[in-house]
Amino acid sequence: MTNAAQIDQIDHSLGIVLDPRLSAPFYRQIADQVAARILDGRLPAGYRLPPTRALAAALSTHRNTVVRAFEELTRDGFITGHVGRGSFVLARDGRGTTGAPMTRAPLAIGEDEDDGAPWVFAPPDATPPARASRSGMPWQTLLSRAVESEPLRRMQRLSAGGLFGDVVNLSRMQASQDLLPHRELRACIDHVMATLGPEALEYAPGQGLERLRILIARELAQSGIDAQAEDILITTGSQQALDLVARALVDPGDVFLTEGRTYSGALNILTISGAEVIGVPGDDEGPDLAELVELTRRRPKGLYLMPSSRNPTGTSISEARRQALVAWSQDAGVPLVEDDYGADLELDPGTTPPSLRARDADVFHVSTYSKKLIPALRVGFIVCPPAMRAPLTRLKHAMDLGTSTLLQHALAEFLERGLLRAHLERVTSAYRARRDALADALTASLPEGVTFRRPERGVVLWLSLPAGVDPELVYEAARHEGVLVSPGTVYSADLPGAAGLRLTYCAEPPERLVAGAERLGRALKNVMSRRHGARRVELMGA
Ligand code: PMP
């Protein structure tokens, strides 16, 4: 391809997506999405926006629509225009589109988005204007296929559009701040620093601190997993554990299996690894065994599962299906990757069957302290199949030279002091109350045809939508009502996505969950009545 042809292929859309089904006119949708990108830093101060003609062409809309959007953005202080030179992003002065001091970031489903704290935006006081790039670097042609891949773009598409003020967050999958034991962790860090001093500040051994691995092995023994400290590899969050397993098994083009609906972060990792990801159809009990046997012919490199409280559905794989999965894995020679991200978050005791790893030492068992304790520890681990200990440890070293020594010691201290048990009692009883508050409020607020099952463990609940109701449309309508949910489309291995919404109940207190359910009920009624209206018109026209 010639350089000129490559340049012609530059994507001027800025990732903006126009949705004719929304009530907001196109110019407003463009202005909102550009403003959101400016506020979250994707379009930095000094960035030169595409010419209105190019943006209009990329969005298949009229140039005047883009001109109007740019006029709004100029009026609201987001951009400035210079005749002949183009429009540039202005440095933020801490004021939002309304002119009122801004306290909230534009909201988006974050993975969990999720995660991190993207919800509060504190604009810097005086950002020096960044220099506009004049190099003409052909970034669009330099970018790897992985960064541009569809699963990674889904998040960006859904995070478009600004929203300010009071929003109930039923999308975020992390504990609200009142459930994060910051004083206890601080005491542990202080103790580590006082007793170990500089030793706590060195690089950690490749497999992770032995002290911590022994404690984890003891914890696992209580849930029937017979692992020694040497089987355990400490990782930087379980996200890195998934990355390491993918890197250890996948060559570009290899098939990797997941459930039909699965964790979006796992889809991202597998896509980045170059795998062809195939979602295995299944039901509430787990993946369909006949489908798995059929798929064995594709020589998959592994099957990724969350047997206990699947993300996004909140259901767990049944005892019978677990036995069948292990038998299939051994027969087919395809390893299982068990993500036990919600370990110990059992809300109705005695309902979770033993893990896959408790039945088979060739299972990769991945887990984390993010959901049951503190996400910022960034401590996860893999119980490795014996033959995979050395290759995974080599990879881990190559990836980041080790997980924070200080935080591993602090976590070990936390566990040695017996603080985890007390903490778990507190969070599971809070999550039980939150689950019940949300479930009861949903029962009272949801329109007919929208159904859900009260989860027995974990922090997510799945709403099934009636056929023909688009989850992304509901996501948008809910956002406008002041409640953030996650549309099923982001959890689907192959498009089109599952018709449902994932709701979390860990990030908000009970009274806010009730308000969220009421707002969501209103949004659903709106979308569903519009749909009925549209169908009536269609039928009348027919
Ligand atoms: N697995 C699942 C199912 C998750 O939902 C998440 C995060 N939301 C992770 C793994 C990764 O979490 P972390 O890296 O914080 O351990």
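Residues numbered from 1 in each chain as written. Predicted model: local features only at pLDDT ≥ 70, side-chain atom pairs only at ≥ 80, totals over all residues. Heavy atoms only, no water.

Enquirer: Explain the overall build of the chain to me, using residue names and the numbers behind them.
Expert: Helix and strand counts for the chain come out as 17 helices and 17 strands. Relative to its 542 residues, the chain shows a buried fraction of 53%. Taking the intrachain contacts of the chain between residues at least 6 apart in sequence as the baseline, contacts between residues at least 24 apart amount to 73%. Accessible surface, the chain: about 24200 Å² in total, of which carbon and sulfur atoms supply 54%. (Helix = DSSP H or I, 4+ residues; strand = E, 2+ residues; numbered from the N terminus. Buried < 20%, exposed > 50% of the residue type's maximum accessible area, 1.4 Å probe, protein only. Contact = heavy atoms within 4.5 Å. Areas by Shrake-Rupley, 256 points an atom, 1.4 Å probe, with all protein chains shown as cover.)

Enquirer: Can you lay out the site of the ligand for me, pointing to particular residues and giving the numbers?
Expert: Near the ligand there are 16 residues, and of these Ser 238, Asp 339, Thr 368, Ser 370 and Arg 378 occur at the shortest range. Here Ser 238 contributes a side-chain N or O atom positioned 2.7 Å from an oxygen atom of the ligand. Residue Thr 368 places a side-chain N or O atom 2.6 Å away from an oxygen atom belonging to the ligand. For the ligand, the accessible surface in isolation is 400 Å², of which the surrounding protein chains cover 97%. The dominant element in the shell around the ligand, judged by the number of residues it contributes, is helix 9 (residues 237-249), at three residues. (Near = heavy atom within 4 Å. Polar contact = N/O pair within 3.5 Å; in protein donor to acceptor, adjacent residues only side chain to side chain.)

Enquirer: Tell me about the nonpolar core, and please be specific about residues and values.
Expert: Ranked by size, the top nonpolar core spans 94 residues in total, and within it Tyr 369, Ile 382, Tyr 431, Leu 463, Leu 503 and Leu 520 carry the most contacts. The leading source of residues in this core is helix 15 (residues 419-445), at eight residues. Residue assignment places this core across two domains, with domain 2 (168-173 + 422-541) and domain 3 (184-417) each supplying three or more. What Leu 503 contacts, discounting residues up to four positions off in sequence, is Leu 170, Leu 438, Leu 442, Val 459, Val 460, Leu 461, Leu 463, Val 485 and Leu 520. Leu 18, Tyr 27, Leu 43 and Leu 49 belong to the second-largest nonpolar core, a separate cluster that totals 22 residues. (Core = buried A, V, L, I, M, F, W, Y, C linked by side-chain atoms within 4.5 Å. Domains from an automatic or database assignment.)

Enquirer: Report on the sheet that holds strand 16 (residues 486-487), specifying residues and quantitative values.
Expert: Strand order in the open sheet formed by four strands is 13-14-17-16, and the pairing between neighbours is antiparallel. Every other strand in the sheet has two partners, leaving strand 13 (451-452) and strand 16 as the edge strands with one partner each. Direction of pairing for strand 14 (residues 460-464) relative to strand 17 (residues 500-504): antiparallel, over a ladder of five bridges. Bridge pairing in strand 17 places Leu 463 opposite Leu 501. (Pairing = 2+ DSSP bridges.)

Enquirer: Residues and numbers for the sheet that holds strand 4 (residues 232-236), please.
Expert: Each strand in a sheet pairs with another by means of backbone hydrogen bonds, the pair being arranged parallel or else antiparallel. Spatial ordering of the open sheet is given by 4-12-11-10-9-5-6, a layout of seven strands whose pairing is mixed. Two strands lie at the open edges of the sheet, namely strand 4 and strand 6 (276-280), each paired on one side alone. This sheet shows a mean twist of 25 degrees between the axes of neighbouring strands, independent of strand direction. Bridge count for strand 5 (residues 255-259) against strand 6 is five bridges, and the pairing is parallel. (Axes fitted to C-alpha atoms, helices over the stretch in contact; angles between N-to-C directions.)

Enquirer: I'd love a proper account of the packing of aromatic side chains, names of residues and values included.
Expert: Tallied over the full model, the rule gives one aromatic pair. Here the basic side chain of Arg 68 rests over the ring of Tyr 27, its NZ or CZ set 3.8 Å away from the ring centre. (Phe/Tyr/Trp six-rings, centres within 6.5 Å; stacked < 30°, edge-to-face > 60°. Lys NZ or Arg CZ within 6 Å of the ring centre and 35° of its normal.)

Enquirer: A description of the pattern of salt bridges should follow, citing residues and the corresponding values.
Expert: Any two side chains of opposite charge can pair, on the condition that their charged atoms come close. Per the counting criterion, the structure on display carries 29 salt bridges. Ionic pairing is found between Arg 310 and Glu 259, a salt bridge with its closest N-O pair at 2.8 Å. Taken together, the residues Arg 310 in the loop between strand 9 (303-305) and helix 12 (319-332) and Glu 259 in strand 5 connect sequence positions 51 residues apart. Considered together, Arg 310 and Glu 259 belong to a single accessibility category, that of buried residues. Its salt-bridge partner being Arg 454, residue Asp 436 comes within 3.0 Å of it at the nearest N-O pair. Taken together, the residues Asp 436 in helix 15 and Arg 454 in the loop between strand 13 and strand 14 connect sequence positions 18 residues apart. One network of salt bridges, in which partners are shared, links Asp 348, Arg 435, Asp 436, Asp 440 and Arg 454. (Salt bridge = Lys/Arg side-chain N within 4 Å of Asp/Glu carboxyl O.)

Enquirer: Summarise the confidence of the model for the chain; cite the residues concerned and give the values.
Expert: Across the chain, the average pLDDT comes to 87, with 85% of residues at 70 or higher. Contacts of residues 537-542 to residues separated by more than four positions or lying in other chains number zero contacts, the stretch itself having pLDDT below 50. (pLDDT = per-residue confidence, 0-100.)

Enquirer: Can you lay out helix 2 (residues 26-39) for me, pointing to particular residues and giving the numbers?
Expert: Counted at 1.5 Å a residue, the expected span for helix 2 with its 14 residues is 20 Å, and the 20 Å between its end C-alpha atoms agrees. Across the 14 residues of helix 2, eleven count as buried, placing the element largely inside the fold. Among the residues of helix 2, Tyr 27, Gln 29, Ile 30, Ala 31, Gln 33, Val 34, Ala 35, Ala 36, Arg 37, Ile 38 and Leu 39 are the ones counted as buried. Phi turns positive one or two residues past the end of helix 2, at Gly 41, with a value near 90 degrees. (Expected span 1.5 Å × (residues − 1).)

Enquirer: Before we move on, can you summarise unusual backbone geometry with the specific residues and values?
Expert: Trans peptide bonds make up the majority, and among non-glycine residues the majority have a negative phi. Residue Pro 312 follows Asn 311 across a cis peptide bond; omega there is 25 degrees. Looking at where Pro 312 falls in the secondary structure, it is placed in the loop between strand 9 and helix 12. Look at Ser 60: it is not a glycine, yet its phi comes out positive at around 50 degrees. Residue position: Ser 60 is located in the loop between helix 3 (52-58) and helix 4 (63-75).

Enquirer: How would you explain the pairing of strand 11 (residues 364-368) if you had to name every residue and give the values?
Expert: Counting buried positions along strand 11 yields five of five residues, so the element is predominantly enclosed. Because side chains alternate across strand 11, one face comprises the buried residues Phe 364, Val 366 and Thr 368, and the other comprises His 365 and Ser 367, equally buried. In this structure, strand 10 (residues 336-339) lies alongside strand 11, joined through three bridges in parallel fashion. Along strand 11, the bridge assignment pairs Asp 339 with Val 366. Summarising the sheet, strand 11 and strand 12 (residues 379-383) pair through four bridges and their orientation is antiparallel. Residue pairing for strand 12: Thr 368 is matched across the bridge by Gly 380.

Enquirer: An account of the environment of Pro 138 is needed here, citing residue identities and associated values.
Expert: Within the secondary structure, Pro 138 sits in the loop between strand 2 (86-89) and helix 5 (139-142). Put simply, Pro 138 and Ile 10 are 128 residues apart on the chain and 8.2 Å apart in space, counted from C-alpha to C-alpha.

Enquirer: A description of the packing of helix 2 against helix 4 should follow, citing residues and the corresponding values.
Expert: Helix 4 packs onto helix 2 with a crossing angle of 50 degrees between their chain directions and a minimal axis gap of 8 Å. Here helix 2 is positioned oblique relative to helix 4, judged by the angle of their axes. For helix 2 against helix 4, the interelement crossing comes out right-handed. Where helix 2 abuts helix 4, its residues Phe 26, Tyr 27, Arg 28, Ile 30, Ala 31, Val 34 and Ala 35 lie against Thr 65, Val 66, Arg 68, Ala 69, Glu 72 and Leu 73. For the contact of helix 2 with helix 4, the class distribution of residues is nine nonpolar, one polar and three charged. (Parallel < 35°, antiparallel > 145°, perpendicular 65-115°, else oblique. Left-handed = near helix turned anticlockwise from the far one by under 90°. Nonpolar A, V, L, I, M, F, W, Y, C, P; charged D, E, K, R; others polar.)

Enquirer: Can you tell me about the side chain of Arg 457, naming the residues and giving the values?
Expert: You can see Arg 457 is positioned in the loop between strand 13 and strand 14. Of the buried charged residues, Arg 457 lacks a salt bridge, with Glu 346 as the closest side chain of opposite charge at 4.3 Å. For Arg 457, the side chain forms a polar contact with the main-chain oxygen of Gly 342, separated by 3.3 Å. A polar contact is formed between the side chain of Arg 457 and the side chain of Thr 352, at a distance of 2.7 Å. Contact partners of Arg 457, with chain neighbours within four places excluded, come to Ser 308, Ser 309, Gly 314, Ser 316, Gly 342, Asp 344, Leu 345, Glu 346, Leu 347, Thr 352 and Tyr 505. (Lys, Arg positive; Asp, Glu negative; His and termini not counted.)

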